[in-house]
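In case you want the letters, here they are:
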Amino acid sequence: MKLTIIGSGYVGLTTGACFAEVGHEVMCVDNDPKKIETLLAGDIPIYEPGLAEMVTSNVAAGRLKFTTDTPEGVRHGDVVFIAVPTPPNPDGSVDLKFIEKVAREISPAIDSYKVIVDKSTVPVKTGEKVAETIKRYAPDADFDVVSNPEFLREGSAVEDLMKPDRIVIGANSDRAMAAMQKVYEPFHAPVLATDIASAELIKHAANSFLALKISYINAVSAICEASGADVELVAEGIGMDKRIGRQFLNAGLGYGGSCFPKDIAAFIAISDELGVPFTLLKEVERINADQLERFLKRLREKLWVLEEKKIAVWGLAFKQNTDDIRCSVALDLVEKLVAEGAEVRAYDPKAMDRVRALPLAEKITLTDDPIAACEGAEALVVATEWPQFARADFAKVKEKMLSPLVFDGRNLLDPKTMISLGFEYQAIGRGAPIN
Ligand code: UGA
């Protein structure tokens, strides 16, 4: 099929590449000429495992094209996906100006029946507004609006898109639903057909539920610390119940990223607006914020004053396998350490370039490798769950450090190994004695 993706960011670019991979003819549009130039030159503006190879091979095969020309994009696609940012307003609600702008811009270019798909994460009822806008700017346009939320995770986006758990299609017409089913046929995934509002809600409700799971285990981790239990064993024990499941029960410094914090705030805002406040989610947010504060308190209890203390930080990205630092808890932690006068030496396998561009970079030392970050450090903090950190040469780490104190904010390291190597090891919710 001929498909157009408007917005070539994380979701748009990866979705476009995966659609091309299964044989569709895809045109990716972006209004940032620099981004399109980069893509046309064969470079990928983000790090996502497997994406660069997929883009290169599909561009070579002629199935993936890039343009800054929105009308050209609209004329190309039978199905036009909107995948533009939906940033938060200061009050937590969603700023829909980019979606509205795209709706206006595509209207005059609709020259035949088009399915206009909202892929961006939006509050319930946005689909209705997109349809109204197109009708206002192009009263004769032949189109349907569809909601098709995206469930990919950064760091495994290509895999998630190629082998999705489910495809949710919210449509109010059989013609649009049939077109969407054809788009997704090659993925052989279960399809859930819904109305538009339900599809929009599924996305916010799914992300909120995952965040709730994380905050749940983080709240349990605080009780584990206070009672001497081990949250890893507790998570194992409750996760073995198939109704609960072990995934997203990893205790740590809390969730971050461009999705959960924003989407939970947006779900709270839209539920308030609809007159049915979702107060449970406010508690989810509170627990998440508290997790970092509790960790810092424990670090202060150990080091007493943080001012002038060298602290090594491993991990700056918001999670493993990505260079994304948006709403990264690891960066929040570094900011707070710096504010207290600590001398931070930090390393991340992929996010260094992005961190270098921040004003924060002036106030910390960024090192070329994890061992160098530990030079003279009085504590090492693991802030992001990069698996390679668990495989580090800890004998060397210990040699470099002034005192062998490790604060594992992601429960990534093996406590027994760390203790046998002579480290003092502190983690999240692991109060149980280690034999
Ligand atoms: C999340 C959802 O998992 C995707 O399904 C969704 O499509 C996406 O948001 C989106 O809305 O676009 P993502 O933000 O890429 O994906 O990353 P996650 O793997 O969900 O991790 C989010 C945060 O939670 C990270 O900071 C991670 O460190 C933290 N986390 C995750 C935990 O602290 N514990 C866990 O058990 C799992």
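Throughout, residues of each chain are indexed from 1 in the direction in which the sequence is written. Where totals are concerned, whole chains, interfaces and linings use all residues; where local detail is concerned, this predicted model gives features only for residues with pLDDT of at least 70, and gives and counts side-chain atom pairs only at 80 or more. In computing side-chain properties, one takes all heavy atoms of the structure into account and sets aside hydrogens as well as water.

So, on to the pattern of salt bridges. Any two side chains of opposite charge can pair if their charged atoms end up close together. Salt bridges are defined by distance alone: a side-chain nitrogen of Lys or Arg within 4 Å of a carboxyl oxygen of Asp or Glu. Counted under the stated rule, the structure contains 27 salt bridges. In this structure, E150 engages K119 in a salt bridge whose closest nitrogen and oxygen atoms are separated by 3.0 Å. Here the residue E150 occupies a position in the loop between strand 6 (143–147) and helix 7 (157–162), and K119 occupies one in the loop between strand 5 (114–118) and helix 6 (126–137), the gap between them amounting to 31 residues. The partner of R410 in a salt bridge is E385, and the shortest N-O contact between them spans 3.6 Å. Secondary structure follows DSSP: runs of H or I at least 4 residues long count as helices, runs of E at least 2 residues long count as strands, and numbering of each begins at the N terminus.

Our next topic: the state of the cysteines. Two cysteine sulfur atoms form a disulfide, by the criterion used here, when they sit within 2.5 Å. A full pass over the atoms with the stated rule returns 0 disulfides. For C28, which is in no disulfide, the shortest distance to another cysteine sulfur is to C18 and amounts to 11 Å. The cut-offs for exposure are 20% and 50% of the maximum accessible area for each residue type, with area from a 1.4 Å probe on protein chains only; residues under the lower value are buried, those over the upper are exposed, and the others partly exposed. Of the residues examined, C28 reaches a relative accessible area of 0% and is grouped as buried.

The strands that make up a sheet are held in pairs by hydrogen bonds between backbone atoms, and each pair lies either parallel or antiparallel. When DSSP finds two or more bridges between a pair of strands, those strands are recorded as paired. What the 6 strands build is an open sheet, ordered 11-10-9-12-13-14; its pairing is parallel. A single partner strand is all that each edge strand has here, and the edge strands are strand 11 (365–366) and strand 14 (424–426). The pairing of strand 9 (residues 310–314) with strand 12 (residues 379–382) spans 4 bridges and is classified as parallel. For V313, the partnering residue across the bridge sits in strand 12 and is V381.

This next bit is on the site of the ligand. Nearness here has a simple test: a residue counts as near a molecule or strand if at least one of its heavy atoms is within 4 Å of that partner. Near the ligand you find 22 residues, and of these L152, E154, K203, N207 and E385 are the closest. We define a polar contact as two N or O atoms separated by no more than 3.5 Å, with the added condition that, inside protein, one atom must be a possible hydrogen donor and the other a possible acceptor, whereas residues neighbouring each other in sequence contribute only through side-chain atom pairs. Residue L152 places a main-chain N or O atom 2.7 Å away from an oxygen atom belonging to the ligand. A distance of 2.8 Å is found between an oxygen atom of the ligand and a side-chain nitrogen or oxygen belonging to K319. Here the ligand, which alone exposes 710 Å², has 93% of that area covered by the protein. Looking at the shell around the ligand element by element, the count peaks at 4 residues for helix 9 (residues 196–227). What sets the accessible areas is the Shrake-Rupley method with a 1.4 Å probe; for residues, cover comes only from the shown protein chains.

Relative to the assigned elements, S221 resides in helix 9. Residue classification places S221 among the buried positions, given a relative accessible area of 0%. Excluding residues that lie within four positions of it along the chain, S221 makes contacts with V231, A251, Q291, R294, I428 and G429. The criterion used for residue contact is that any of the two residues' heavy atoms lie within 4.5 Å.

Moving on, we come to the pairing of strand 10 (residues 343–347). In terms of burial, strand 10 is a largely internal element, 4 of the 5 residues being buried. Relative to strand 10, strand 9 runs parallel, the two being bridged by 5 bridges. By the bridge assignment, W314 is partnered in strand 10 with Y347. Classification remark: right-handed applies to a crossover when, strands pointing away from the viewer, the course from the first strand over the helix to the second runs clockwise. Regarding the hand of the β-α-β motif, the stretch spanning strand 9, helix 13 (residues 329–339) and strand 10 is right-handed. Here strand 10 pairs with strand 11 via 2 bridges, running parallel. Opposite R345, over in strand 11, you have T365 as the bridge partner.

Turning next to unusual backbone geometry. Phi is positive for W304, close to 65 degrees, though the residue is something other than glycine. Within the secondary structure, W304 is located in the loop between helix 12 (279–303) and strand 9. In this model, N321 sits at a positive phi of 65 degrees, which is unusual for a non-glycine residue. The exposure class of N321 is partly exposed, given its relative accessible area of 27%.

Planes of paired rings set the category: under 30 degrees apart is stacked, over 60 is edge-to-face and the rest tilted, where pairs are Phe, Tyr or Trp rings (Trp by its six-membered ring) whose centres lie within 6.5 Å. Enumeration over the complete set of coordinates arrives at 12 aromatic pairs. Taken together, a centroid distance of 5.2 Å and an interplanar angle of 35 degrees make the contact between W314 and F389 tilted. Here F389 lies in helix 16 (residues 387–390) and W314 lies in strand 9, a separation of 75 residues in the sequence. A relative accessible area of 2% places F389 in the buried class. Here W314 and F394 contribute two aromatic rings whose centre-to-centre distance is 5.8 Å and whose plane-to-plane angle is 40 degrees, an arrangement assigned as tilted. Highlighted residues: W314 in strand 9 and F394 in helix 17 (residues 394–400), separated in sequence by 80 residues.

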